[in-house]
Amino acid sequence: MTNRIQNQALALAGLFQASTLVDQMAHTGMVDSSQMEASLYSVFQLDPPSVAAVYNGISGVRNGLRLLDEVLQASAGDTHGRAIRYTINLLHLESRLRQDPAMLNDVRTRLQAMLPMVAERSPIDDEVVAGLDEIYRETLSTLSFRIQVAGEANQLQNESVARRVRALLLAGVRSAMLWRQMGGSRWHLLLRRGKLQRACRDLLEA
């Protein structure tokens, strides 16, 4: 059975995986489809039985766990700087969302309405991505705090790429919310770095 620190590590890995995918999509227009599928799958897990189930199992965030393990090493900041920035910004955006119960309820209601479609299609299906994009644009992007995505102009001007970026940002917010629900905080990133890193390695070996 996973303990609290492992649950926090899983949520943080999901957040960092989504952040990394946002960065990759914005720069290249391409990401690993299985990683993106696991990240978008998480958005629709509204009442999951476990943290691992949010990502359809530990394998769904295996790459996120590897990357998080690297980031938790003192020298890894330069390597994953952009993804770290997105992770911090997504945590801040999630806190803004929690302060707006009406918007939070609206997001949940819209996601629930999409569940029948998701049950018949892959989370990375174009129509599913378009639905997530719409939710993000009409809710989170209206908050005073907005995440500025940096990348290649020709990619960001491609509407298909832009939709996927916004869908992945929504997935990042989902993982940020899970991190908070598991008791995660900014202090934990500083004071429990070693424990989180050990949890990542234990989960990768599971």
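The structure reproduced in this document is the subject of the present report.

Quick notes on the rules
- Residues numbered from 1 in each chain as written.
- Predicted model: local features only at pLDDT ≥ 70, side-chain atom pairs only at ≥ 80, totals over all residues.
- Heavy atoms only, no water.
- Axes fitted to C-alpha atoms, helices over the stretch in contact; angles between N-to-C directions.
- Helix = DSSP H or I, 4+ residues; strand = E, 2+ residues; numbered from the N terminus.
- Parallel < 35°, antiparallel > 145°, perpendicular 65-115°, else oblique.
- Left-handed = near helix turned anticlockwise from the far one by under 90°.
- Contact = heavy atoms within 4.5 Å.
- Nonpolar A, V, L, I, M, F, W, Y, C, P; charged D, E, K, R; others polar.
- Phe/Tyr/Trp six-rings, centres within 6.5 Å; stacked < 30°, edge-to-face > 60°.
- Lys NZ or Arg CZ within 6 Å of the ring centre and 35° of its normal.
- Expected span 1.5 Å × (residues − 1).
- Buried < 20%, exposed > 50% of the residue type's maximum accessible area, 1.4 Å probe, protein only.
- Arc of directions from axis to C-beta.
- Core = buried A, V, L, I, M, F, W, Y, C linked by side-chain atoms within 4.5 Å.
- Polar contact = N/O pair within 3.5 Å; in protein donor to acceptor, adjacent residues only side chain to side chain.

**Quick look at the packing of helix α7 (residues 126–138) against helix α9 (residues 159–181)**
- It is the contact of α7 with α9, at a shortest axis distance of 8 Å, that shows an interaxial angle of 65°. Between α7 and α9, the angle falls in the class roughly perpendicular. Handedness of the α7/α9 crossing: left-handed. In contact with D126, V129, A130, L132, D133, I135, Y136 and R137 of α7, α9 contributes E159, R163, R164, R166, A167, L169 and L170.
- Considered class by class, the residues forming the contact of α7 with α9 number eight nonpolar, no polar and seven charged.

**Observations concerning the packing of aromatic side chains**
- Going through the model one piece at a time under the given rule, you end up with zero aromatic pairs.
- The ring centre of Y86 lies 4.7 Å from the NZ or CZ of R85, which sits over that ring.

**Observations regarding the environment of L40**
- Along the chain, the position of L40 falls in helix α2 (residues 33–43).
- With 15 residues separating them in the primary sequence, L40 and Y55 have C-alpha atoms 8.6 Å apart.
- Discounting chain neighbours no more than four positions away, the residues touching L40 are P123, I124, V129, L132, A167, L168 and A171.

**Some words on helix α11 (residues 193–205)**
- Taking 1.5 Å as the rise per residue, α11 with 13 residues should run 18 Å; its terminal C-alpha atoms sit 19 Å apart, in good agreement.
- Residues of α11 that are buried: L196, Q197, A199, C200 and L203. Viewed end-on, α11 has its buried residues packed into an arc of 160°, placing them on one side of the element. Opposite its buried face, α11 presents the exposed residues R198 and E205, each directed more than 90 degrees away.

**Overview of the nonpolar core**
- By size, the foremost hydrophobic cluster in this structure holds 60 residues, and its most contacted members are L40, F44, L93, L111, L132, L140 and I147.
- For this core, the leading source of residues is α9, giving twelve residues.
- Sequence-distant contacts of F44, defined by excluding residues within four places in its chain, comprise L111, M114, L115, V118, V128 and L132.

**Side note on the side chain of T87**
- Structurally, the position occupied by T87 is in helix α5 (residues 81–98).
- With residues up to four places along the chain from it excluded, the contact list for T87 reads L15, F16 and S19.

**What about the side chain of H80?**
- With respect to the helices and strands, H80 occurs in the loop between α4 (62–71) and α5.
- A distance of 2.7 Å separates a polar atom in the side chain of H80 from a polar atom in the side chain of E70.
- If sequence neighbours within four positions are ignored, H80 has contacts with F16, L67, E70 and V71.

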